[in-house]
Amino acid sequence: QSNVAVYGVLDSGIAYTTNTNAAGAGVTKIPTLTGSLPSRLGFRGTEDLGDGLQAIFTLETGLGVDTGNMGQNRLFGRQASVGLKGSYGQIALGRQVNMTFLATQKADVMGPNLFSISSIDLYLPNARSDNSIFYFGRFRNVSVGATYSLGRDSSAAGGPAGTNCAGEVAGNAKACRQVTGLLAYETEPYGVSASYDIMYGNAGAAGGLTSADNSDKRVTLNGYVKLGEARLGAGVIERSTRAATGLQQSDLYYCGISYPLQPLLTLDAQLARKDQKGSDADATLLVARLTYHLSKRTATYASLGRMQNSGASAIALDAGGTVGAGKTQNGLSLGLRHFF
Amino acid sequence: QSNVAVYGVLDSGIAYTTNTNAAGAGVTKIPTLTGSLPSRLGFRGTEDLGDGLQAIFTLETGLGVDTGNMGQNRLFGRQASVGLKGSYGQIALGRQVNMTFLATQKADVMGPNLFSISSIDLYLPNARSDNSIFYFGRFRNVSVGATYSLGRDSSAAGGPAGTNCAGEVAGNAKACRQVTGLLAYETEPYGVSASYDIMYGNAGAAGGLTSADNSDKRVTLNGYVKLGEARLGAGVIERSTRAATGLQQSDLYYCGISYPLQPLLTLDAQLARKDQKGSDADATLLVARLTYHLSKRTATYASLGRMQNSGASAIALDAGGTVGAGKTQNGLSLGLRHFF
Amino acid sequence: QSNVAVYGVLDSGIAYTTNTNAAGAGVTKIPTLTGSLPSRLGFRGTEDLGDGLQAIFTLETGLGVDTGNMGQNRLFGRQASVGLKGSYGQIALGRQVNMTFLATQKADVMGPNLFSISSIDLYLPNARSDNSIFYFGRFRNVSVGATYSLGRDSSAAGGPAGTNCAGEVAGNAKACRQVTGLLAYETEPYGVSASYDIMYGNAGAAGGLTSADNSDKRVTLNGYVKLGEARLGAGVIERSTRAATGLQQSDLYYCGISYPLQPLLTLDAQLARKDQKGSDADATLLVARLTYHLSKRTATYASLGRMQNSGASAIALDAGGTVGAGKTQNGLSLGLRHFF
């Protein structure tokens, strides 16, 4: 019906990565989590309520084209929300992306590519909160937003979207709560953005956050600038995890460029480095991607990537992949992306 | 395409309830099961076959906006059916609502609100049968309907839509069968309705119905009348459970009023009482709701409720919630509802 | 929106089969897997890219109308694929049907009916491969196609679509791989088709394929011819399973006729025989179906079937059903089918 738009992205390809285990074996696969973008099917709509006010809703399913499985361990794992939108901004309730998700949208030129900073911190493309109240407003060039979650992740299935922290615990105003905030100044030629994200734990929660006193905090700062046809972006994500086993801190730096070689051919390249504090478990990522646009909705792409792990670091080049500890992993990904 | 209508309801809010456990702690949450109505996404269509005959189908997913999870432990938990509709009525096959679901539609002014008689008997908003043959016909002011299920609930996930009674057992014509029937006389100013619902058990089934000789029976009787702009509704649901552990009986009485305070502002109020026979485990519910209509499709609402539990009764005010045994629970719910 | 077509089939009915267990008990049920066709809901689209090239995608959910459950143990169990289509044919990536699925489309007049050769080899209507690259081209009357899967089945839920062989194993170029191919010559009055399908195992995989050296192979050969208004089809499926427990071989022969008794009334009949090599565990199937077309999109049907099991054979007449070993099972199925 006219009230609902059915939309989505299907993005799949073939990837090869080296050194996926200690023995150094490579693997060829059709990736599950993403190609150049994660695949999805969504239903959304808006209704004009008068006076510039709109009712809005989104139901968005994540999916793996490789197997037909749903993503994020639930039916509408990418978004399930209903809200209102007006000149003051947008408020919504439900499961939805939080400010960490939105913060890097413009400065991270690779986005949630199979080889990208998402491989280093898989929370980034999964920065969503269950049971959340969402606000986002844009006032001329200034954007401000926040989410507050009463229980950040209802799934116990494991992985970044299954951290077993359902929250809404009687008599505990911290268990599994999550707060995120964003402030940005954005114009066409340049922009800067900062975000804050803190999530609390509870008994049984993943990532060592087994008490409401444990927390995982991310602060991001980034910016972009246009130089001619090129767009340059750079940023840092500072993470501080107060887990049951102690404090862990890391910085993730990234910078990149997006450049149209020809009208239909875009080159994106990114360099990133994760610095694990008080440890040599660091990692360096280098990735380049060529995208050929068959139309506005359809493109093919090829990515070349390299992840250097030092010490005990075992960060795979590809999101959801594996790598032998301390090994350097190279990879190639070819794919097809279609918006509908 | 023109053959399929995509439709749904998204309804979410924030609720606070007191005394959610023996220690008396309150909890704030974004409810899972319902706000003022349970959230859903559906696909339905009709095809004219000539001579007033139509083919009809519905696929309807229940979902929790709070987490994006599917409801009723299955993909199309609210309905999956295909059938024919004509002047003689409608027949359909599949998983579908039964007559207990339909019986209270007009007399229960609160419907499946977060605070409502659904909290007292969570089967009421989940009165569906797997593997069922459905008939419903309306002849002038008289409605008559029935369902027959060969196996009433295929899910073993627990809860009212996961009672582990798949049925269709070879050589057992009673195991997990369910029969429901309805008879109603309805006009614009007034109406009465009665329904009957009996479900049988089998090994492993929930609710103590661990044999095909066990059964759970509900008889409903209700009516409504319009007085000026007000609609008054009242009814009783008599339940009799022949479980492995013996016979349990209860009556659930309810009465309510729905009144438009202003063209866009509706007040609903309801009083209900559950009388557990041969026990003082009774409960009394009082709930009032204000609904402000932003449009025909969108509304905001506020509900105030109170559930008084006596003796060992531990019926939560909110559907799917918890309460300390014997405690009185108060609650407030604010929400937004959008039809699409 | 105009980019996406929502489509599907809902097909449900009531079936009775005799001798469902050793005691000879019959059962009445609403089938789960199929009626005359398996039920489904899909989303698909095409985009013209110029020069005869198209982007194509399909997301197709299998479902059981009886319970609302998803089929194939995953959200888009029937298909999740994205690809390109041109004059050279079609290539696609994802989870999709393979050549064994396509090979019998014209010669098997009963298709995936509840009583059909699918009951004898439940892989036939489930001949899909996860993680696959698909090619299919038609050049005048000649069709040629192939799939290559890097990991054929990610689900461990059991059954023909849950064989626990996710594949994509580092350093193992055989584990859970699957290759299928098809060659066909098809005209309006007659046609022939041949296909080849080999799947490999890995630790934990179902069907005794617990090593990458184990394999399950099917070769099909079939043809059809039109005689007046009748269409006759016949074929053979040769299977050879190199499991951990040794080699098993079988031939499945089938022949059938489809004949329009009247413009709206079609009779289909099929005879099939499975010959298990080196054993008398054979089975013979006889099924007849009358289909009355209420419209192009809607039909009712009745199937009568008989499965004779000899020796230790325990092949149920109905797909997904049970039968006492060595018993003959008769069955009747009545149903309604609706395309949308």
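Our structure is the block above this text.
We now turn to the structure provided with this report. The model shown is predicted, which means the values in this text are computed figures rather than measured ones.

Calculation criteria
- Per chain, residues are indexed from 1 in the order of the written sequence.
- The lettering of chains begins at A and the numbering of ligands begins at 1, in the order of writing.
- Predicted model: local features are reported for residues with pLDDT of at least 70 only, side-chain atom pairs are reported and counted for 80 or more only, and whole-chain, interface and lining totals are derived from all residues.
- Values reported for side chains reflect all heavy atoms of the structure, with hydrogen atoms and water molecules removed beforehand.
- Helix and strand definitions here come from DSSP, where helices need a minimum of 4 consecutive H or I residues and strands a minimum of 2 consecutive E residues; each element is numbered from the N-terminal end.
- Between the two quantities, the radius of gyration covers C-alpha atoms and the globule rule is 2.2 Å times the number of residues to the power 0.38.
- Only heavy atoms matter for contacts: two residues are in contact if any of them lie within 4.5 Å across the pair.
- In short, Shrake-Rupley with a 1.4 Å probe defines the accessible areas, and a residue's cover is counted only from the protein chains shown.
- Positive charge is attributed to Lys and Arg, negative charge to Asp and Glu, and no charge count is given to His or to the chain ends.
- Here the site of a charge means atom NZ of a Lys, CZ of an Arg, CG of an Asp or CD of a Glu.
- In this comparison the copies share one frame, found by least squares on the C-alpha atoms of residues holding pLDDT of at least 70 in both.
- Disulfides are defined as cysteine sulfur pairs within 2.5 Å.
- Three labels apply to residues, based on accessible area from a 1.4 Å probe with only protein chains included: buried if under 20% of the type maximum, exposed if over 50%, partly exposed otherwise in between.
- N or O atoms closer than or at 3.5 Å make up a polar contact, with two conditions inside protein: a donor-capable atom paired with an acceptor-capable one, and, for residues adjacent in sequence, both atoms drawn from side chains.
- Using a 1.4 Å probe, buried area is obtained as the accessible area two parts lose upon being combined, added over both of them.
- When residues are sorted by character, Ala, Val, Leu, Ile, Met, Phe, Trp, Tyr, Cys and Pro go into the nonpolar class, Asp, Glu, Lys and Arg into the charged class, and all the rest, Gly among them, into the polar class.
- Note on definitions: salt bridges are taken to be side-chain nitrogens of Lys or Arg within 4 Å of carboxyl oxygens of Asp or Glu.
- Two strands make a pair as long as DSSP finds a minimum of two bridges between them.
- To pair, rings of Phe, Tyr and Trp, with the six-membered ring standing in for Trp, must have centres within 6.5 Å; the planes then decide the type, stacked if under 30 degrees apart, edge-to-face if over 60, and tilted in the middle.
- Only lysine NZ and arginine CZ atoms are considered, and such an atom sits over a ring when it is within 6 Å of the ring centre and within 35 degrees of the ring normal.

### Examining the overall build of chain A
The helix and strand tally for chain A stands at two helices and 17 strands. The C-alpha atoms of chain A give 20 Å as radius of gyration, which agrees with the globular expectation for 340 residues (20 Å, within 12%). Reported as C-alpha extents along the three principal axes, the dimensions of chain A are approximately 60 × 50 × 40 Å. In chain A, the share of contacts with a sequence separation of at least 24, taken over all contacts with a separation of at least 6, comes to 57%. With an accessible surface of roughly 12,800 Å², chain A has 56% of that area assigned to carbon and sulfur atoms. Averaging the positions of the 29 positive and the 24 negative side-chain charges in chain A gives two centres separated by 2 Å.

### Structural notes on the relation of the copies chain B and chain A
Relating one copy of the chain to the other takes a rotation about an axis and a shift parallel to that axis. Superposing chain B onto chain A takes a rotation of 120° combined with a translation of 0.0 Å along the rotation axis, leaving an RMSD of 0.0 Å. As the rotation angle and translation indicate, the two copies are arranged about a three-fold axis. Counting the interface residues of chain B, we find that no more than 12% of their copies in chain A are interface residues as well, pointing to two distinct contact surfaces.

### A short note on the relation of the copies chain C and chain A
With an RMSD of 0.0 Å, the operation that places chain C on chain A is a rotation of 120° combined with a shift of 0.0 Å along the axis. Mapped onto chain A, only 12% of the interface residues of chain C again fall at the interface, so the copies present different surfaces.

### Some thoughts on the state of the cysteines
Residue and element names in this part refer to chain A. Within this structure, the stated rule accounts for three disulfides over all chains. The disulfide bridge from Cys165 ends at Cys176, spanning 1.9 Å between sulfur atoms. Measuring the twist about the S-S bond at about -85°, one finds the Cys165-Cys176 disulfide to be left-handed. One end of the pair, Cys165, is in the loop between β8 (142–149) and β9 (178–186); the other, Cys176, is in the loop between β8 and β9, and eleven residues separate them in sequence. Here Cys165 falls in the buried class, since its relative accessible area comes to 0%. Look at Cys176 and you get buried, because its relative accessible area is 1%.

### Quick look at the side chain of Thr100 of chain A
Residues and elements named next belong to chain A. Mapping Thr100 onto the fold places it in helix α1 (residues 99–103). Within polar-contact distance, the side chain of Thr100 engages the side chain of Asp197 at 2.6 Å. Setting aside anything within four residues of it in sequence, one finds Thr100 in contact with Tyr123, Leu124, Ala127, Ser195 and Asp197.

### A few points about the interface of chain C and chain A
Across the boundary between the two partners, chain C contributes 32 residues, which contact 33 residues of chain A. Both faces combined, the contact of chain C with chain A buries some 2,800 Å², and carbon together with sulfur accounts for 72% of it. Counting residues per element, the side of chain C that touches chain A draws most heavily on strand β5 (residues 79–86) of chain C, which supplies five residues. Its residues assigned to classes, the side of chain C that touches chain A comprises 17 nonpolar, ten polar and five charged.

### Let's talk about the interface of chain B and chain A
Listed as interface residues are 33 residues of chain B and, on the opposing side, 33 residues of chain A. Between chain B and chain A the total buried area reaches about 2,800 Å² when both faces are included, carbon and sulfur atoms providing 72% of it. Along the contact surface separating chain B from chain A lie zero salt bridges. Counting across the interface, chain B meets chain A through eleven residue pairs in polar contact (both at pLDDT 80 or more). For the side of chain B that touches chain A, the elements supplying multiple residues, two or more each, are β1 (5–17), β2 (27–29), β3 (40–50) and β17 (328–339) of chain B. Tallying contributions element by element places β1 of chain B first for the side of chain B that touches chain A, with six residues. Along the lines of polarity and charge, the residues of the side of chain B that touches chain A split into 17 nonpolar, 13 polar and three charged.

### What to know about the pairing of strand β11 (residues 215–227) of chain C
All names here are of chain C. Where strand β10 (residues 190–200) meets β11, eleven bridges bridge the pair, whose relative direction is antiparallel. Across the sheet, the residue bridging to Val192 is Gly223, located in β11. With 13 bridges connecting them, β11 and strand β12 (residues 230–243) associate as antiparallel partners. By the bridge assignment for β12, Lys217 is matched with Ser240.

### Comments concerning the pattern of salt bridges
Residue and element names in this part refer to chain A. Tallying each qualifying case throughout the model produces 47 salt bridges over all chains. A salt bridge links Asp216 to Arg218, with the nearest nitrogen and oxygen atoms 3.8 Å apart. Residue classification places Arg218 among the buried positions, given a relative accessible area of 3%. Across the pair Arg273 and Asp282 runs a salt bridge whose closest N-O atoms are separated by 3.3 Å. Connected via shared salt-bridge partners are Arg74, Arg95, Asp130 and Asp153.

### So, the environment of Val179 of chain A
Residues and elements named next belong to chain A. Along the polypeptide, Val179 turns up in strand β9. For Val179, a relative accessible area of 32% gives the class partly exposed. Along the sequence, Val179 and Arg74 sit 105 residues apart, while their C-alpha atoms lie 22 Å from each other. Not counting residues up to four positions away in its chain, the partners in contact with Val179 are Thr147, Tyr148, Tyr196, Asp197 and Ile198.

### So, the packing of aromatic side chains
Scanning the entire structure with this criterion turns up nine aromatic pairs over all chains. Here Phe43 of chain A and Phe43 of chain B contribute two aromatic rings whose centre-to-centre distance is 5.9 Å and whose plane-to-plane angle is 65°, an arrangement assigned as edge-to-face. Here the residue Phe43 of chain A occupies a position in strand β3 (residues 40–50), and Phe43 of chain B occupies one in strand β3, the pair thus bridging two chains. The two residues Phe43 of chain A and Phe43 of chain B agree in class, both being buried. For the ring pair Tyr185 of chain C and Tyr190 of chain C, a centre distance of 6.3 Å and an interplane angle of 35° mean the geometry is tilted. According to the relative accessible area criterion, Tyr185 of chain C is partly exposed, its value standing at 34%. A relative accessible area of 42% means that Tyr190 of chain C is categorised as partly exposed. The rings of Phe43 of chain A, Phe43 of chain B together with Phe43 of chain C are connected pair by pair, giving a single aromatic cluster. Over the aromatic face of Tyr7 of chain C sits the side chain of Arg44 of chain C, whose NZ or CZ is 3.7 Å from the ring centroid.

### Structural notes on the environment of Ala302 of chain A
Residue and element names in this part refer to chain A. Checked against the element boundaries, Ala302 lands in strand β16 (residues 298–309). Put simply, Ala302 and Lys277 are 25 residues apart on the chain and 33 Å apart in space, counted from C-alpha to C-alpha. Apart from the residues lying within four places of it in its own chain, the contact partners of Ala302 are Ala288, Arg289, Leu290, Ser333 and Leu334.

### Quick notes on unusual backbone geometry
All names here are of chain B. The backbone of Asn73 shows a phi angle near 60°, a positive value even though the residue is not glycine. Within the fold, Asn73 resides in the loop between β4 (53–62) and β5 (79–86). The residue Arg140 is not glycine, and still its phi comes out positive at about 50°. Residue position: Arg140 is located in the loop between β7 (128–139) and β8 (142–149).

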